[in-house]
Amino acid sequence: MAHANNRRNFMAKTVQSVGLAALGGMLWSGYTDSVKASPLVLRPPGALKEEDFLTACIKCGLCAEACVNRDTNIDKETGLPRPSTLQMAKGGDAVLIGTPFFVPTEVPCYMCEDIPCVPVCPSGTLDMASLLNENQELDINKATMGLAVVHKESCIAFWGIQCDACYRACPLLDVAITLEHQKNDRTGKHAFLLPVVHDNACTGCGLCEMACVTEEPAIFVLPNDVAKGKAGDHYVKGWDAKDQERVGNAHSQTTTTEVSKREAKDYLNMEVEY
Ligand code: SF4
Ligand code: SF4
């Protein structure tokens, strides 16, 4: 009897643990699905593409540690250390647990010249080679963490109110964000000063998003894949000599069918009765 009870207990525990494992598996796969379905996360400088990042990062936290302990991490106004830009994801962050990310409205990336978060990465998930300039030096301006996007309807500069908060906050002043002058036809005597983001220079640091004065930032950083459209290779800029070179390199491809051997007038009028 005792033997049967032991066996029942053993079976019950096995079933329980299988059930828990299955439940855990379902929860985990649901969780990883939701993480994969959350494409808005911003990663540190030099990060691999998101799908490669998720498998390459060993979740050691060295990048976030280097970020918070960097020499430059002192608030100029208070003289106190600032919180870390890089956070390691916890449950509920909608980011794969243990991976580094940042939220510009909490702490943007301050674009440290020596980029201390990158060389410490032992797995190559933060790729130094992607941040080298023509002199083979680490250059934070090469970072492509994301792209700032302006929402024209909520940006008060587009209402005609003078505001250049994002423009002045940009570490690549007059390069990544410029101000475009436009006539204000509504008043007839004022000018719009409109922020324009240039995607070949914006690193996605988020300093503009942090500085934006509207209740919800009217300029915000999105991952490049989300922020950018794609015209397609078959569109060529006729006014751009470099883009025109692509036409010279293009190959035409012709498919010959029985119908295409004939002239259009031969077959378009077939079986038409007048
Ligand atoms: S470059 Fe940005 S993410 Fe890296 S250490 Fe500096 S503030 Fe942190
Ligand atoms: S240092 Fe590299 S491997 Fe470690 S958590 Fe940061 S990105 Fe991942």
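Being a predicted model, the structure only gives us computed values, none of them experimental.

A.B. asks: Honestly, the overall build of the chain in this entry has me stumped. Any pointers?
C.D. replies: Each helix and strand counted, the chain has 9 helices and 6 strands in total. Looking at the chain as a whole, 31% of its 274 residues qualify as buried. For the chain, restricting intrachain contacts to residue pairs at least 6 apart in sequence, the fraction spanning at least 24 positions comes to 59%. By element, 56% of the accessible surface of the chain is carried by carbon and sulfur atoms, the whole surface being about 18,300 Å².

A.B. asks: Explain the site of ligand 1 here, please?
C.D. replies: All residues in the neighbourhood of ligand 1 are listed as Pro-45, Cys-67, Arg-70, Thr-85, Leu-86, Cys-109, Tyr-110, Cys-112, Pro-116 and Cys-117. Class assignment for the residues of the shell around ligand 1 results in 8 nonpolar, 1 polar and 1 charged.

A.B. asks: Help me understand the pairing of strand β5 (residues 190-197), please; the structure alone is not making it clear to me.
C.D. replies: One face of the sheet, then the other: side chains in a regular strand alternate in exactly this way. Bridge count between strand β4 (residues 177-184) and β5: 8 bridges; the pairing is antiparallel. Across the sheet, Ile-177 pairs through a bridge with Val-197, a residue of β5. Between the antiparallel neighbours β4 and β5 lie 5 residues, among them Gly-188 with a positive phi of about 80°.

A.B. asks: Would you explain the packing of aromatic side chains in this entry?
C.D. replies: Two numbers describe a pair of aromatic rings. These are the distance of the centres and the angle of the planes. The final tally for this structure, using the stated rule, is 0 aromatic pairs. The ring of Tyr-110 has Arg-82 lying over it, and the distance from NZ or CZ to the ring centre is 3.7 Å.

A.B. asks: What should I look at first to understand the site of ligand 2 in this one?
C.D. replies: As a structural note, the neighbourhood of ligand 2 is formed by 13 residues, with Cys-57, Cys-60, Cys-63, Cys-121 and Ser-123 the closest of them. A class-by-class count of the residues in the shell around ligand 2 yields 9 nonpolar, 3 polar and 1 charged.

A.B. asks: What exactly am I supposed to notice about the side chain of Thr-214 here?
C.D. replies: Summarising the element assignment, Thr-214 is placed in the loop between α5 (207-211) and β6 (219-222). Given a relative accessible area of 17%, Thr-214 falls into the buried group. Looking at Thr-214, its side chain comes within polar contact range of the main-chain oxygen of Glu-216, at 2.7 Å. One polar contact links the side chain of Thr-214 to the main-chain amide nitrogen of Ala-218, over a distance of 3.1 Å.

A.B. asks: Would you mind showing me how to read the nonpolar core here?
C.D. replies: Nonpolar side chains in soluble globular proteins tend to be buried together. One finds Leu-86, Ile-177 and Ile-219 to be the most contacted residues of the largest nonpolar core, which totals 38 residues. Residue assignment for this core shows that the elements contributing at least two residues are α3 (62-68), β3 (147-150), α4 (165-169), α5 and β6. Element by element, the count of residues in this core is highest for α3, at 3 residues. Here this core gathers at least three residues from each of two domains, domain 1 (35-143) and domain 2 (146-227). In contact with Leu-86, not counting residues within four places along its chain, are Pro-44, Cys-63, Ala-64, Cys-67, Phe-101, Phe-102 and Cys-117.

A.B. asks: Help me understand the side chain of Ser-84 in this model?
C.D. replies: Locating Ser-84 in the fold gives a position in the loop between α3 and β1 (87-88). Ser-84 gets classed as buried once you look at its relative accessible area, which sits at 16%. Within polar-contact distance, the side chain of Ser-84 engages the backbone oxygen of Leu-86 at 2.8 Å. Filtering out sequence-adjacent residues up to four positions away, Ser-84 remains in contact with Ala-64, Cys-67, Val-68 and Val-107.

A.B. asks: Can you walk me through unusual backbone geometry in this structure?
C.D. replies: Backbone geometry at Ala-94 places phi at a positive 60°, although glycine is not the residue there. Position of Ala-94 relative to the elements: it lies in the loop between β1 and β2 (100-101). The exposure class assigned to Ala-94 is partly exposed, which follows from its relative accessible area of 38%. Positive phi, normally seen in glycine, also occurs at Met-111, with a value near 55°. Structurally, Met-111 can be placed in the loop between β2 and β3. According to the relative accessible area criterion, Met-111 is buried, its value standing at 8%.

A.B. asks: Just checking my understanding: could you explain the environment of Gly-146 for this structure?
C.D. replies: Topologically, Gly-146 is positioned in the loop between β2 and β3. Remark: the alpha-carbon pair of Gly-146 and Leu-42, spanning 104 residues in sequence, is separated by 6.8 Å. Ignoring any residue separated from it by four or fewer positions in sequence, one finds Gly-146 in contact with Cys-202, Thr-203, Gly-204, Val-221, Leu-222, Pro-223 and Asn-224.

A.B. asks: Explain the pattern of salt bridges here, please?
C.D. replies: Pairs can form between side chains of opposite charge once their charged atoms are near each other. Within this structure, the stated rule accounts for 6 salt bridges. Of the charged contacts in the structure, one is a salt bridge between Lys-49 and Asp-225, with a shortest N-O distance of 4.0 Å. On the criterion of sequence distance, the pair formed by Lys-49 in the loop between α1 (2-36) and α2 (50-56) and Asp-225 in helix α6 (residues 224-227) is long-range, its members being 176 residues apart. An identical accessibility class is assigned to Lys-49 and Asp-225; each is exposed. Note that Asp-93 and Lys-90 form a salt bridge whose closest N and O atoms lie 3.6 Å from each other. Since its relative accessible area comes to 25%, Asp-93 is described here as partly exposed.

Quick notes on the rules
Residues numbered from 1 in each chain as written. Chains lettered and ligands numbered in written order. Predicted model: local features only at pLDDT ≥ 70, side-chain atom pairs only at ≥ 80, totals over all residues. Heavy atoms only, no water. Helix = DSSP H or I, 4+ residues; strand = E, 2+ residues; numbered from the N terminus. Buried < 20%, exposed > 50% of the residue type's maximum accessible area, 1.4 Å probe, protein only. Contact = heavy atoms within 4.5 Å. Areas by Shrake-Rupley, 256 points an atom, 1.4 Å probe, with all protein chains shown as cover. Near = heavy atom within 4 Å. Nonpolar A, V, L, I, M, F, W, Y, C, P; charged D, E, K, R; others polar. Pairing = 2+ DSSP bridges. Phe/Tyr/Trp six-rings, centres within 6.5 Å; stacked < 30°, edge-to-face > 60°. Lys NZ or Arg CZ within 6 Å of the ring centre and 35° of its normal. Polar contact = N/O pair within 3.5 Å; in protein donor to acceptor, adjacent residues only side chain to side chain. Core = buried A, V, L, I, M, F, W, Y, C linked by side-chain atoms within 4.5 Å. Domains from an automatic or database assignment. Salt bridge = Lys/Arg side-chain N within 4 Å of Asp/Glu carboxyl O.

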